[in-house]
There are 2 protein chains.
Amino acid sequence: MRKSIKSRLLGEKLPSNQISEEKFNVFWGLPVLSSDAISSVAYAVEEILLVLIPVIGIMSYLLLPKIAGAVIILLIILTISYRQIIDAYPNGGGAYIVAKDNLQTIFGLIVGASLSVDYTLTVAVSISAGTAAITSAIPFLHTHKVAIAIIIILLMTLGNLRGVKESTKLFGIPTYAFVVSIILLIIFGVLKSLKGDVTPLPAPAASSVDLGTQAISLFLILRAFSSGCAALTGVEAICDAVPNFREPSTKNAKTAYVFLALMVLITFVGTSYLAVLFHTVPNEDMTVLAQIATAVFGKGFMFYAIQVATAIILAMAANTAFAGFPTLISVISRDGYAPRQLSARGHRLSYSNGIVLLSLGGALLVIIFKGETHKLIPLYAVGVFTSFTLAQAGMFMRWIRLKPQGWQYKAAINGIGCLVTFVTVIIVSVTKFLSGAWIVFIAIPLLIYFMKRIKRHYNAVAQELDIPKEKLEQIVIRQKPTPHIIIPIDSLNKMVLKAIKYAKSITPNIEVFHIETYEGEADKLRKKWSMLNTDIPLIIKESPFRETVKTLVEYIESEEHASQPGDMITVLLPHFVVKKSWQMSLHNNTSFLIINSLLHERNIVVSIMPFQIEEARAMRQQTTVKQSDQHRE
Amino acid sequence: MRKSIKSRLLGEKLPSNQISEEKFNVFWGLPVLSSDAISSVAYAVEEILLVLIPVIGIMSYLLLPKIAGAVIILLIILTISYRQIIDAYPNGGGAYIVAKDNLQTIFGLIVGASLSVDYTLTVAVSISAGTAAITSAIPFLHTHKVAIAIIIILLMTLGNLRGVKESTKLFGIPTYAFVVSIILLIIFGVLKSLKGDVTPLPAPAASSVDLGTQAISLFLILRAFSSGCAALTGVEAICDAVPNFREPSTKNAKTAYVFLALMVLITFVGTSYLAVLFHTVPNEDMTVLAQIATAVFGKGFMFYAIQVATAIILAMAANTAFAGFPTLISVISRDGYAPRQLSARGHRLSYSNGIVLLSLGGALLVIIFKGETHKLIPLYAVGVFTSFTLAQAGMFMRWIRLKPQGWQYKAAINGIGCLVTFVTVIIVSVTKFLSGAWIVFIAIPLLIYFMKRIKRHYNAVAQELDIPKEKLEQIVIRQKPTPHIIIPIDSLNKMVLKAIKYAKSITPNIEVFHIETYEGEADKLRKKWSMLNTDIPLIIKESPFRETVKTLVEYIESEEHASQPGDMITVLLPHFVVKKSWQMSLHNNTSFLIINSLLHERNIVVSIMPFQIEEARAMRQQTTVKQSDQHRE
């Protein structure tokens, strides 16, 4: 029944060998993995203008194209660089693997932690943005925004649990719809400007009175640039998810990068151009993108289409996290820095535990921040650019070390990339520390601590368990001496007899053990036992404080010390099993308490002999007995 | 740590043999077991007047003494009768045992269910009444009344869990304080009337216009009588709790009954007399008792003292339930009609599970009715008088059957008691059916159904387990054939080696079993196994749907069918145990899933071989290895 619900929700369970069919081609993989990057285009231009206009007013429109150009150059560097990473590391994991492999493990962990935090933030922020779009349209839903956000997360989780293939079609279309609508906007905008049909909006004034060239300081340019870099978040995702592409997966992933870069380039350059053309000024009532759309199309069908597409793409950005995080964490988990279960494939062969973990994290942030997660936006960039920097640095070191053909050119690309992204990290950290980025500086070290703690545990387990290959052949499986069995019993009944018979087949060394909780309680058992034709001793211990488990464990410990070191004691627990769980609650289920205590003892084996009670059969027997009684009468 | 908290809250754990010291004498037992009965005196006169005055006005004061007299006669009959019950059934359980033993089991269950419902109602109603008194005095607490009621229940639960002896002193004093204050009230009232210092309140008018003798119908008298019987609820409790009295417990309990009857008689007759004297009329602003207190003392210190004592006794009435219910349910449980755990004595030798069950029931009612449980008052009487009737009927049948000396007199007492209480049940049921008593008519049959269902289960278990004594001596413990062991493994490691060594000591008949979830996954294991110098076969089964537990169970089932019927298969699970629970979450704990599935198989023994992982030791070894590596260098 439960299984059927799961299958109904997620689709039929898939066998392991069907994994290759659960991968996506470039056309459907691209929108899923790029929705985060492309959605940030919706606000990147606005972010740049927000920095520039208050300081240099109308001159912003002179500077914007240059800054956009710089962002585009960085985009191209990153694209080339990530394509190089894919070649070097075709199994996904991206920046994490690069940093871990070419720098030091700790840098890999920094990347892993940063990206995990970022992916979780992406879910919370983009779902909240999508919810805000819905509640703006239908105001009476406003009080339920947390609930709505949770429902969207739930739907997205289900979609992703259904498997890679299913989710791509479900979530791919909105991304293409957004890109197409932005491209239409750009084409019509350019056509309009060619017709000379453009009236720039009134020029904004700078708030800075002392307006001069000295105001255009390096710091201002860098801050504007770092804000524009918002357009580059999410570029990592394809690299994390290489194994999700159909074979040849590296080739397909690299092609996807080219298209991603092209889409970001066209939409970002286009919207920047139109922003300059129409002299848009960011204000609280209308986004820059909406202003451009109004200027190009008026408030008609196309305006609303763009608004709807924007709202959807903002929510869809979360899906990039759902595509990237589970793959990333599965790689980290296989390295032993995250719980092992995160690398297990689920019902539909997706990394279902990773998907659920991400949803829980996202939902938790939504609940804590009551759906007002826009304050979390400054937190992104630190993590993203940290991982960019470390990936670039790692690749730089790699080229220096391996020196393949043309390594100077490759090292130069990554070197420049490293420098630029590093500067961006510094700028972002400094400018946004107080507005929230400090949280990241607490969260990331904490995560790294946990990762190292987990690794230490797995190492310890491996250390305790592993047998070196060279020693395998020398192992002689020495037989342990005859085992010693203790059977704890409540009373003498059929179940106990069955246990004794079983024990007899193993060893002659058997003790039956009973605990007396008040004086005279065991008399009846003692008497019954004496009637039984056996030489097995019945040991009775008093426990005036009614601590059955403790008394048993103490006895076993004393037995253990009495025997040879290394000898095993088997505790055989007759345990009766009833069909329905409500019936279980009618019995003192001490077996489970005993098992739990004994598992912490050395040289103990706990054997459970189930004895199924079938009411129906017992009832039948009872009836038979009654009938035969009647016969006798 | 957890244990120390428990000991700090409840006092040191008591050994079983200290049970006789945990009992109470008459002086302290009386107030605990009588607080319910005595508290009902606080409103019994009011209940009678509420029935009479609207119909016959001032004539009520002529009828009241007669009705009070009838109630007192019933009280005396019940007292004599219950003293007889104590002699016949000195182990507690009261009406339940009497009805079960002398009538039929089903009547015992009716009594058991009725009283269980009543005791739960007592807790909810009296705690709510006490809370109402508190919130009337401190109005800003009014919005928190549910929380306050729950806290009082919690404190009362803790007090009772501390053991019989502790709770009596804690809860006994308020009862005596109330009785003393009522007696003072009566004495001063009588003195005042002797001085001729009494002005009756203005005579109330009857609402019935046609005021004549015909209005004083039998039905009216019976209704007034049944309302007055409120004073008799709680009389059962002493009889349920006989074993809680010090030895000689029956003599002490019987003495307690005399004092209970005396206290109820004096307070009830006294307040009835004063009500007639002052012509009190029930109204919503002031209780009859408060009106009498005002008339006698004026609104001075004594007035407030009586009010406070009344509030406390109303809450204390719950304690009678805490004294009566656990003992009653332990008797029912020993008969197999309630979960067995309810007859187990806890930390301080009280029937702690019964106490907790009662608190949960009471708290649930408080929460459901939001602390407005006064509507539940009409629900009491049905249950109380049903159990009175059945107890009387049972005793009547007993005398008829056993015919001891003077049985005619005894049978007459119980016969009259049975008749009167039966009439009362009918009157109460009819007059109060629509105002809530119907709930009781649903709850009691439901409870009886569950009780019979539980008994059926215990019977079935006994049927499946019991070995008749006469057969014990004939039993030959036949040894089963050599056991067959299956060891499911993930990989070949030290833990598995330990398990194999253990298995070898038991049988040569061993299989090692592995599940391959994707193609080629088991190759490494196969290779390692071939290097091991052993003839134990490694069985590998594919499970393309990654259903490890299911595949294992299927294999075992096929093995089971292949072997002789009745042969046991032992599944030996190497299971590693880590020190901290967070570490447990880092592993796929499939062992537990396997155990759970296998417990439902016949002819299976599940053996768990724990393997403790100690991080500290592993770390030390690692360090040693590193150091020796350094040495080699």
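Residues numbered from 1 in each chain as written. Chains lettered and ligands numbered in written order. Predicted model: local features only at pLDDT ≥ 70, side-chain atom pairs only at ≥ 80, totals over all residues. Heavy atoms only, no water.

Observations concerning the packing of aromatic side chains
Residues and elements named next belong to chain A.
Phase 1 of the analysis: Taken as a whole, this structure holds 22 aromatic pairs over all chains when the rule is applied.
Phase 2 of the analysis: With a centroid separation of 5.0 Å and 80° between ring planes, the pair formed by F24 and F245 is classed as edge-to-face. With a gap of 221 residues between them, F24 in the loop between helix 1 (2–10) and helix 2 (26–56) and F245 in the loop between helix 9 (237–240) and helix 10 (249–278) connect regions that are remote in the sequence. Side by side, F24 and F245 carry an identical accessibility label, which is buried.
Phase 3 of the analysis: Clustering of aromatic rings is evident, with ring pairs tying together Y82, Y257, F385 and F388.
Phase 4 of the analysis: In this structure, K403 packs its charged tip against the face of W407, placed 5.3 Å from the ring centre. (Phe/Tyr/Trp six-rings, centres within 6.5 Å; stacked < 30°, edge-to-face > 60°. Helix = DSSP H or I, 4+ residues; strand = E, 2+ residues; numbered from the N terminus. Buried < 20%, exposed > 50% of the residue type's maximum accessible area, 1.4 Å probe, protein only. Lys NZ or Arg CZ within 6 Å of the ring centre and 35° of its normal.)

So, the confidence of the model for chain A
Residues and elements named next belong to chain A.
Phase 1 of the analysis: Model confidence for chain A is summarised by a mean pLDDT of 84, while 92% of its residues fall at 70 or above.
Phase 2 of the analysis: The low-confidence segment residues 208–212, where pLDDT is below 50, has 5 contacts with residues more than four positions distant or belonging to other chains.
Phase 3 of the analysis: Across the assembled chains, the prediction reports ipTM 0.81 with pTM 0.79. (pLDDT = per-residue confidence, 0-100. Contact = heavy atoms within 4.5 Å.)

So, a nonpolar patch on the surface
Residue and element names in this part refer to chain A.
Phase 1 of the analysis: On the surface, V180, I183, L184, I187, F188, L191, L194, V258, F259, L262 and I266 cluster together into a nonpolar patch covering about 930 Å² of accessible area.
Phase 2 of the analysis: The set of elements that each furnish at least two residues to the nonpolar patch consists of helix 7 (164–194) and helix 10.
Phase 3 of the analysis: Counting residues per element, the nonpolar patch draws most heavily on helix 7, at 7 residues.
Phase 4 of the analysis: Tracing the chain through its elements places V258 in helix 10.
Phase 5 of the analysis: Look at V258 and you get partly exposed, because its relative accessible area is 36%. (Patch = residues over 30% accessible without salt bridge, like charges linked within 9 Å, V, L, I, M, F, W, Y side chains within 5 Å. Areas by Shrake-Rupley, 256 points an atom, 1.4 Å probe, with all protein chains shown as cover. Salt bridge = Lys/Arg side-chain N within 4 Å of Asp/Glu carboxyl O.)

Examining the pairing of strand 1 (residues 484–488) of chain A
Residues and elements named next belong to chain A.
Phase 1 of the analysis: In terms of residue burial, strand 1 counts as a mostly covered element, since 5 of its 5 residues are buried.
Phase 2 of the analysis: Burial of the side chains of strand 1 extends over both faces: H484, I486 and P488 are buried on one face and I485 and I487 on the other.
Phase 3 of the analysis: Alignment of strand 1 against strand 4 (residues 569–577), held across 3 bridges, turns out to be parallel. Counterpart to H484 in the pairing with strand 4 is I569.
Phase 4 of the analysis: Relative to strand 2 (residues 510–516), strand 1 runs parallel, the two being bridged by 4 bridges. Across the sheet, I486 pairs through a bridge with E511, a residue of strand 2.
Phase 5 of the analysis: A crossover connection joins strand 1 to the parallel strand 2 through helix 17 (residues 494–506); in handedness this β-α-β unit is right-handed. (Pairing = 2+ DSSP bridges. Right-handed = clockwise from strand over helix to strand, strands pointing away.)

Looking at the state of the cysteines
Phase 1 of the analysis: Tallying each qualifying case throughout the model produces 0 disulfides over all chains.
Phase 2 of the analysis: Distance from the sulfur of C239 of chain B, which forms no disulfide, to the nearest cysteine sulfur (C418 of chain B) is 16 Å. (Disulfide = S-S within 2.5 Å.)

So, the packing of helix 12 (residues 301–334) of chain A against helix 13 (residues 352–368) of chain A
All names here are of chain A.
Phase 1 of the analysis: One can describe the packing of helix 12 onto helix 13 by two numbers: an axis separation of 8 Å at closest approach and a directional angle of 120°. Relative to helix 13, the element helix 12 lies oblique. As for the relative orientation of helix 12 and helix 13, their crossing is right-handed in sense. Listed contacts from helix 13 to A321, F322, F325, P326 and I329 of helix 12 are G354, I355, L357, L358 and S359. (Axes fitted to C-alpha atoms, helices over the stretch in contact; angles between N-to-C directions. Parallel < 35°, antiparallel > 145°, perpendicular 65-115°, else oblique. Left-handed = near helix turned anticlockwise from the far one by under 90°.)

Some points on the side chain of T389 of chain B
All names here are of chain B.
Phase 1 of the analysis: Summarising the element assignment, T389 is placed in helix 14 (residues 377–402).
Phase 2 of the analysis: Owing to a relative accessible area of 8%, T389 belongs among the buried residues under this scheme.
Phase 3 of the analysis: Among the polar contacts listed, one links the side chain of T389 to the backbone nitrogen of F422, at a separation of 3.4 Å.
Phase 4 of the analysis: T389 has contacts with C418, T421, F422 and V425, leaving out every residue within four places of it along the chain. (Polar contact = N/O pair within 3.5 Å; in protein donor to acceptor, adjacent residues only side chain to side chain.)

Brief notes about the interface of chain B and chain A
Phase 1 of the analysis: On the side of chain A, 98 residues touch chain B, which itself brings 98 residues to the contact.
Phase 2 of the analysis: When the buried area of chain B at its contact with chain A is split by residue, E464, I477 and L586 of chain B rank highest and sum to 8% of it.
Phase 3 of the analysis: In this structure, the connection of chain B to chain A is made through 1 salt bridge.
Phase 4 of the analysis: Across the chain B-chain A interface, the total number found is 30 residue pairs in polar contact (both at pLDDT 80 or more).
Phase 5 of the analysis: Counting residues per element, the side of chain B that touches chain A draws most heavily on helix 15 (residues 407–465) of chain B, at 11 residues.
Phase 6 of the analysis: For the side of chain B that touches chain A, a count of residues per class yields 46 nonpolar, 25 polar and 27 charged.
Phase 7 of the analysis: Bridge analysis of strand 5 (residues 604–612) of chain A against strand 5 (residues 604–612) of chain B gives 3 bridges, and the strand direction is antiparallel. Along strand 5 of chain B, the bridge assignment pairs I608 of chain A with V606 of chain B. (Buried area = accessible area lost by both parts, 1.4 Å probe. Nonpolar A, V, L, I, M, F, W, Y, C, P; charged D, E, K, R; others polar.)

Looking at unusual backbone geometry
Residues and elements named next belong to chain A.
Phase 1 of the analysis: For the peptide bond that leads from E247 to P248, omega is -5°, which places it in the cis range.
Phase 2 of the analysis: In the Ramachandran plot, H279 falls in the positive-phi region, its phi being about 50° despite a non-glycine side chain.
Phase 3 of the analysis: You can see H279 is positioned in the loop between helix 10 and helix 11 (288–297).

As for the pattern of salt bridges
Phase 1 of the analysis: As enumerated under the stated definition, the model contains 9 salt bridges over all chains in all.
Phase 2 of the analysis: Across the pair D523 of chain A and R526 of chain A runs a salt bridge, and its minimum N-O distance is 3.0 Å. A residue pair is termed a helical-turn pair when its members lie 3 or 4 positions apart in one helix, as D523 of chain A and R526 of chain A do in helix 18 (residues 523–531) at 3 residues.
Phase 3 of the analysis: Classification of D523 of chain A by relative accessible area gives partly exposed; the value is 43%.
Phase 4 of the analysis: The partly exposed category is assigned to R526 of chain A, whose relative accessible area is 39%.
Phase 5 of the analysis: Here K13 of chain B makes a salt bridge to E547 of chain A, at a shortest N to O gap of 3.8 Å. In this pair, K13 of chain B sits in the loop between helix 1 (2–10) and helix 2 (26–56) while E547 of chain A sits in the loop between strand 3 (538–542) and helix 19 (548–562), so the two residues belong to two different chains.

With respect to the relation of the copies chain B and chain A
Phase 1 of the analysis: Rotating chain B by 180° and moving it 0.1 Å along the rotation axis overlays it on chain A with an RMSD of 0.1 Å. Viewed as a symmetry operation, the transformation between the two copies matches a two-fold axis. For chain B, the residue whose C-alpha comes nearest the rotation axis is S607 of chain B, separated from it by 2.0 Å.
Phase 2 of the analysis: Both copies share a contact surface, since 100% of the interface residues of chain B are interface residues in chain A too. (Least-squares fit on C-alpha atoms with pLDDT ≥ 70 in both.)

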